[in-house]
Amino acid sequence: MWPPFSLNRPTTWMGLAALAAMLWLPLASLRLAALAVIVVALVDGWRQIKREHRRRLLSEEALKLSGDGVVISDRRNRIVSVNPAFTQITGYTREEVLGLDASTLSSGRHDKAFYERYWQTLQATGRWEGEIWNQRKHGDQYPEWLRVQACPDRKGRVGHYVGLFTDISRHKAREQDLRRVGFEDPLTGLPNRRRLHDLLTSRLNRLRAGEGLDLALVDIDGFKSINDALGVDCGDRLLARFGQRLAAFVAGGVVGRLGGDEFMVIRTTTFDDHEAWIAGLRDHLSEPFEISDNSLRLGLTIGSCRAPDDGNDSGVLFQRLESALYSAKRHGRNHDRRFRPSLEVEGDRQLALVNELRRALAQGDQLELHYQTQHRLNDGTLVGMEALLRWRHPEQGMISPGDFIPLAERHGLMSALGNWVIERAVAQLASWRANGMPRVPVWVNISALQLIQGDLESRLAASLARHRVPAQQLGLELTESVLLDERAGDVSPRLEALRRQGHEIAIDDFGTGYSSLAYLKRLPVDKLKLDRAFIRALPDDVADAAIVSAVLAMARGLNLDVVAEGVETIAQRDFLLEYGCPYTQGFLFARPEPVEAIEARYLNASQTV
Ligand code: C2E
Ligand code: MG
Ligand code: MG
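Presented here is a report on the structure given in the accompanying data block. (Residues numbered from 1 in each chain as written. Chains lettered and ligands numbered in written order. Predicted model: local features only at pLDDT ≥ 70, side-chain atom pairs only at ≥ 80, totals over all residues. Heavy atoms only, no water.)

For the rest of this paragraph, the subject is the coordination of the magnesium ion (ligand 3). Bound to the magnesium ion (ligand 3) on the protein side are D508 (OD), D509 (OD) and E565 (OE), at distances that span 1.9 to 2.2 Å. Mapping the donors of the magnesium ion (ligand 3) onto the primary sequence yields the spacing D-D-x55-E. Taken as a pair, the magnesium ion (ligand 3) and the magnesium ion (ligand 2) lie 4.0 Å from each other and share D508 as a ligand. Of this pair, D509 sits in strand 18 (residues 505-510) while E565 sits in strand 20 (residues 561-565), and the two are 56 residues apart along the sequence. For E565, a relative accessible area of 10% gives the class buried. (Donors = N, O, S within 2.8 Å, 3.2 Å for Na, K, Ca; no water. Helix = DSSP H or I, 4+ residues; strand = E, 2+ residues; numbered from the N terminus. Buried < 20%, exposed > 50% of the residue type's maximum accessible area, 1.4 Å probe, protein only.)

Rendered as structure tokens:
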């Protein structure tokens with residue numbers, strides 16, 4: 001900028017006037033005085049230049065220190081100056097950009113209209129502020145928050161543009177992370193249920209003539225036991241790898257995780273080979289997964305359907321996939337099932353049954369408890385009874401607990417049903433204590449949901465107190481899956497407390513879960529009920545014989561009683577006797593019977609059969 005000092009200062013004008021006067025003043029003394037004024041004006045001007053220079057240096061230093069990028073361009077937008085933060089953010093050195101058009105830095109993300117608005121605002125108001133995407137030297141694009149100020153020259157026209165910008169890519173990433181949380185499963189990075197709904201809808205909307213969607217819901221069999229055996233970290237790793245492998249199978253398709261060990265796969269296709277596709281999917285996942293020195297071969301249960309054949313609404317298709325998966329699960333593990341309308345009819349029937357069960361529970365007259373006695377194996381002495389729930393349906397007759405208990409669990413009726421059983425069994429015990437029946441414990445089955453949702457402990461205590469029955473008389477049977485249900489948390493302290501109250505605790509259906517010795521040692525239990533699946537083929541089946549003898553030996557070592565379930569033949573009894581099994585519950589001795597039949601046999605009679 002020239003001149004480097006202000007012309008508005010009085011000393012400047014006085015100096016100039018004195019210079020002119022020097023030329024025509026006649027007197028030497030007056031000329032001398034004018035010279036003195038000139039000297040004063042020059043000194044003042046010099047000081048002014050030095051001050052201005054210092055000020056400039058200071059503002060340049062300030063710009064250097066600024067963490068914000070600064071870019072100054074001339075009226076034709078050519079860069080005339082940048083600060084070090086500019087270099088840090090963009091990667092361009094000062095020398096590389098001087099003279100370049102500032103628009104060279106743009107990323108191409110914004111359209112023409114954006115830049116038109118930018119220039120209009122800048123010209124109209126002299127300022128622009130907002131988010132803009134630019135490009136760094138090595139090519140990646142980043143968002144910056146930019147403030148631009150137009151600086152007028154002396155004539156009032158725009159002389160320069162000063163731009164100040166901050167790199168906001170980190171904030172943006174955070175924002176994106178937050179957005180992702182709602183739509184992405186954090187463990188696998190795959191779309192979550194909500195996002196899958198959107199993706200399915202958009203795929204459905206974009207189907208062209210002749211195209212369809214294949215959909216599958218894939219569930220890993222026994223995932224919980226993998227988690228229990230190898231630890232949650234391994235379980236997590238397995239889920240992530242599983243997701244990756246699925247994604248590789250449907251390149252161009254969609255893979256998402258619905259939660260837990262349930263994954264969903266969608267592909268758009270013109271082929272009509274749904275079954276072959278499912279078989280391919282199985283095949284693709286059949287290779288073992290290597291997780292921390294373990295080679296895991298997985299069983300998969302798959303429910304599947306096709307769009308638009310089985311529906312063209314994402315909600316309906318989700319429901320149909322779920323009923324197909326549920327039906328496959330009921331069929332046993334490692335099965336797949338494609339949706340059929342009959343499954344829905346089945347679903348409707350089940351819903352009707354749930355409503356009837358709710359009514360039966362409220363009225364109480366269709367439900368009853370049957371009792372199956374337990375005996376000492378060597379001499380048949382009565383040692384206990386198991387209370388088994390029965391539903392006498394007015395039209396369908398006796399419905400097996402195996403059919404309605406899972407329904408009650410799924411539809412939130414299990415706590416009420418469990419409480420009903422406890423209350424009825426304790427009342428029965430009280431009545432038997434009064435009328436002279438043998439005082440053996442009665443065992444009730446406790447479902448996972450009673451442990452999770454219900455107020456099991458207080459219900460037990462209240463019933464026992466009401467009927468004045470000691471807790472020693474009421475044994476509790478819990479299956480391994482109940483004991484391991486993570487929703488119930490660590491059950492050990494609760495079992496411990498129940499035992500302190502006087503209850504005996506048995507592990508029901510032992511052997512069908514993933515019983516490990518370590519886990520048995522940890523749990524405060526008194527008894528194992530060896531599942532009848534191991535007893536059925538005794539004594540001929542070599543493997544079962546080996547398992548049973550091993551369990552018996554192990555139980556002895558751990559000081560646990562064993563009840564063999566489902567003993568139906570003399571040969572089975574003899575085998576068990578030979579290997580030291582103390583107790584049994586099975587048709588060989590007694591079937592579950594209503595109260596009257598039990599009373600007829602035991603009331604005031606000898607305890608043995
Ligand atoms: P569980 O607790 O293992 O009960 C034993 C089941 O085995 C009973 O079936 C019984 O009839 C059957 N059983 C006993 N001995 C033999 C035999 O020698 N051969 C054969 N083939 N079967 C035998 P049930 O009464 O159908 O009960 C099935 C399951 O339903 C029970 O298995 C239990 O898990 C559940 N359950 C029954 N009542 C209740 C209840 O009140 N609450 C809960 N949570 N579950 C219950
Ligand atoms: Mg039982
Ligand atoms: Mg059992």
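This brings us to the coordination of the magnesium ion (ligand 2). Taken together, E386 (OE), N445 (OD1), E477 (OE) and D508 (OD) make up the full set of protein donors to the magnesium ion (ligand 2), lying 2.0 to 2.2 Å away. In terms of primary sequence, the donors binding the magnesium ion (ligand 2) are separated according to E-x58-N-x31-E-x30-D.

Scanning the model with the defined rule gives 30 salt bridges in all. A salt bridge links E52 to R55; the nearest nitrogen and oxygen atoms lie 2.6 Å apart. With E52 and R55 both in helix 2 (residues 28-65) and three residues apart, this pair spans about one turn of that helix. Classification of E52 as partly exposed rests on a relative accessible area of 28%. The shortest N-O distance in the salt bridge between D214 and R267 comes to 2.8 Å. Residue D214 is located in strand 6 (residues 212-220), and its partner R267 is located in strand 8 (residues 262-269); the two are separated by 53 residues in the primary sequence. The pair D214 / R267 is uniform in exposure class, with both members buried. Because the salt bridges share partners, they merge into one network encompassing D214, R267, D273, R306 and D309. (Salt bridge = Lys/Arg side-chain N within 4 Å of Asp/Glu carboxyl O.)

Attention shifts here to the site of ligand 1. In the region of ligand 1, 23 residues are neighbours, and R390, D508, R532, E568 and F587 sit closest. Q372 places a side-chain nitrogen or oxygen 3.0 Å from a nitrogen atom of ligand 1. N445 is positioned such that a nitrogen or oxygen atom in its side chain is 2.9 Å from an oxygen atom of ligand 1. Protein chains bury 82% of the 800 Å² of accessible surface belonging to ligand 1 in isolation. If you list the elements that add at least two residues to the shell around ligand 1, you get strand 14 (382-393), helix 13 (401-410), helix 14 (414-435) and strand 18. Element by element, the count of residues in the shell around ligand 1 is highest for strand 14, at four residues. (Near = heavy atom within 4 Å. Polar contact = N/O pair within 3.5 Å; in protein donor to acceptor, adjacent residues only side chain to side chain. Areas by Shrake-Rupley, 256 points an atom, 1.4 Å probe, with all protein chains shown as cover.)

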